[in-house]
Amino acid sequence: MLRHLTICDFVIVDRLELSFEAGFGALTGETGAGKSILLDALGLALGSKAEAGMVRAGCAKAEIVAEFDVPTDGPLRSWLVEEALGVDDDVVLLRRVIECGGRSKAWLNGVPVVLGQLRRVGELLADIHGQHAHHALLRGDAQLALVDAHGGLEELARNVSERYSEWAALRRARKLAEESASSSERERELLGWQVSELTELAFDLDDWSALNQEQARLAHAASLIEGAGEVLEGLAEGEYAVGPQLDRLLGRVAEMAVHDGQLADVQELLSSASIQFDEAIHAMRRYRDRLDLDPQRLGEIDQRIQAITGMARKYRVPPESLPGILSESVSRLERLTRQSDPAALARDEALARQAYMTPALALSQAREKVATDLSAAVTEAMQSLAMAGACFEIALRPADEGAASGLETVEFLVTANASQPLRSMAKVASGGELSRIGLAIQVITSRNAATPTLIFDEVDVGIGGRVAEIVGRLLRKLGVDRQVLCVTHLPQVAAQADWQWTISKETRGGETFSRVRQLDASGRVEEIARMLGGVNITDTTRQHAAEMLSVDP
């Protein structure tokens, strides 16, 4: 459950540090005081989208920190271990910073994380129902997602979607092969010829480098032989060769060193130089002896280089890219060869369809049971929400040839009384009825979910009186096993809460700030009285408020 929430410089909040309790808590206050702002801040900590306008005017950044208890077991703890985001003291700490330019950063247990990781943790920690959530239930995709989520069928639905994508891809390939058989044949012939000539060329990058080096050596063999002879003549074989001069001078220094030991270092250096000099002479002689004028080999190499460079010019690439051209041509040819056989593609398509149908049929059977159970539960809840005789049904209709979402579409049907036929909820439900049906669905689906914290943001819009009191009782029952937070304008709902905060606005130094105050017993009487009576609060109103708070649901 949510333990602490710290908000700094967010919209009209300068700094708030809030500690939460278990059970059902109500957040009340005047319109515009900032009740929903608190939930927006919490939503950011749970991974919702950030905007620059969320930073309080004149501030560089906004910061939200939320601390939750971690259940002793379940997917959250396992996920934290897998992501190396360990749990300290059985709590998870979420931190979100939004800069005034709109950029945001996130941390989880002190470790920087991406928004997707934060959002994943948020899904496991809290479930937020917005004040317009019931409107989303008018969309077919949202209805289908709700059925799958309520039945725990998301993984099976994802598998169905993946198998459908594979089936659809093969179906497109088979149709394309049938429609473009002649053009594919021409392209296959061209690719076959390209693969043949590139394979025959047998180009190799290592051989190409060695070939160029050998060509450069053979092309300059005459000048290299001449240069080697010139170097050897100057070093050892000519009349004025350096080698004999070095030996003579080394001998002279050796004679001098006999009489003066200070020349020992010079003698040693010259001896070392003489050794290296001799090694250089021997190496140069070996090099000269290996050099040979071989016009035939040079011609062969030139022809090979011309063949390679000519092929590279043909494909408008450097020679080093020819292996990539060959690999790409081979892959394309193999793909076209497969596609050129519509019968083989049809067999693959049939196998892919069967691979889709197996999980799709399982998903359909599971959805039927979920739809039946959820329809009955929502119908029962509607009876207590001033909709006696009303009926709710989730209709599963076959989809043509299947779809990524499965073998059926979903439509929510409703009737206000048993004598009227069921019709699409989007067409027959009034605003107030839609609010009550939506709330019933949200409460029932939340009751069966594993999320420890449930948050309702003005989901009771459009209801009042006895229905509002029933809604409050539903939320209080949820609060027995979960932490439930509800932003509400209805005194009947707030009176059912285990604890209550009031949010108000105050002006300091010409600036408006949001302020949160936890209410004690007398404070709750005053706040419920305000919600009942508006500006003028009488003793009668206070008495009525006290009676509402003392009622045991």
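Above this text you will find the structure in question.
A brief structural summary. Going along each chain's sequence as written, the residues are numbered from 1 onward. With the structure being a predicted model, the display of local features is reserved for residues of pLDDT at least 70 and the display and counting of side-chain atom pairs for 80 or more, all residues being used for whole-chain, interface and lining totals. Calculated side-chain values reflect all of the structure's heavy atoms, with hydrogen atoms and water omitted.

### Some remarks on the nonpolar core
Right, on to step 1. With 63 residues, the main nonpolar core has F392, F412 and L475 as its most contacted residues.
Right, on to step 2. Helical segments are the DSSP runs of H or I of at least four residues, strand segments are the runs of E of at least two, and each set is numbered from the N terminus. No other element matches the 11 residues that helix α14 (residues 342-383) contributes to this core.
Right, on to step 3. Dropping the residues within four chain positions of it, F412 is found in contact with L137, Q143, L146, V147, F392, E393, I394, R423, S424, M425 and I441.
Right, on to step 4. Counting residues in each nonpolar core, the second largest holds 48 residues, with F68, L94, A106 and L125 among its members. Note on terminology: a nonpolar core comprises buried Ala, Val, Leu, Ile, Met, Phe, Trp, Tyr and Cys residues joined through side-chain atoms within 4.5 Å. We call a residue buried when its accessible area falls under 20% of the maximum for its residue type, exposed when it is over 50%, and partly exposed in between, using a 1.4 Å probe and counting protein chains only. Note on definitions: a residue-residue contact is assigned when non-hydrogen atoms from the two residues lie within 4.5 Å.

### Points about the pattern of salt bridges
Pairs may arise between side chains of opposite charge once their charged atoms sit close together.
Right, on to step 1. Here, a salt bridge means any Lys or Arg side-chain nitrogen found within 4 Å of an Asp or Glu carboxyl oxygen. Applying the stated rule across the entire model yields 26 salt bridges.
Right, on to step 2. The residue R163 makes a salt bridge to E166 at a minimum N-O spacing of 2.9 Å. Of this pair, R163 and E166 both sit in helix α6 (residues 154-179), 3 residues apart, roughly one helical turn.
Right, on to step 3. Relative accessible area serves as the criterion here: at 42%, E166 is assigned to the partly exposed category.
Right, on to step 4. Residue E469 pairs with R473 through a salt bridge whose shortest N-O separation is 2.8 Å.

### Concerning helix α19 (residues 521-533)
Right, on to step 1. Multiply 1.5 Å by the residue count of a helix minus one, and that product is the helix's expected span. Spanning 13 residues, α19 covers 18 Å between terminal C-alpha atoms, matching the ideal 18 Å at 1.5 Å per step.
Right, on to step 2. Listed as buried for α19 are G523, R524, V525, E527, I528, A529, R530 and M531.
Right, on to step 3. Check the buried side of α19 and you find it contacts β3 (24-29), α18 (491-494), β14 (499-508) and α20 (539-550).

### What about the sheet that holds strand β11 (residues 423-424)?
Right, on to step 1. Strand pairing is assigned whenever DSSP detects at least two bridges linking the two strands. Pairing is antiparallel in the open sheet, where 3 strands are placed in the order β9-β10-β11. Only two strands of the sheet have a single partner each, and these edge strands are β9 (391-403) and β11.
Right, on to step 2. As judged from the 9 bridges shared by β9 and strand β10 (residues 406-415), these two strands associate in the antiparallel manner. In the sheet register, I394 faces β10, and the bridge partner there is F412.
Right, on to step 3. For every element, the axis is a line fit to its C-alpha atoms; helices are fit only across the contacting stretch, and the angle between N-to-C directions ranges from 0 to 180 degrees. Set on the sheet, helix α5 (residues 140-150) makes contact with β9 and β10; between it and β10 the angle comes to about 100°.
Right, on to step 4. Against the sheet, α14 engages β9 and β10, with an angle of about 165° to β9.

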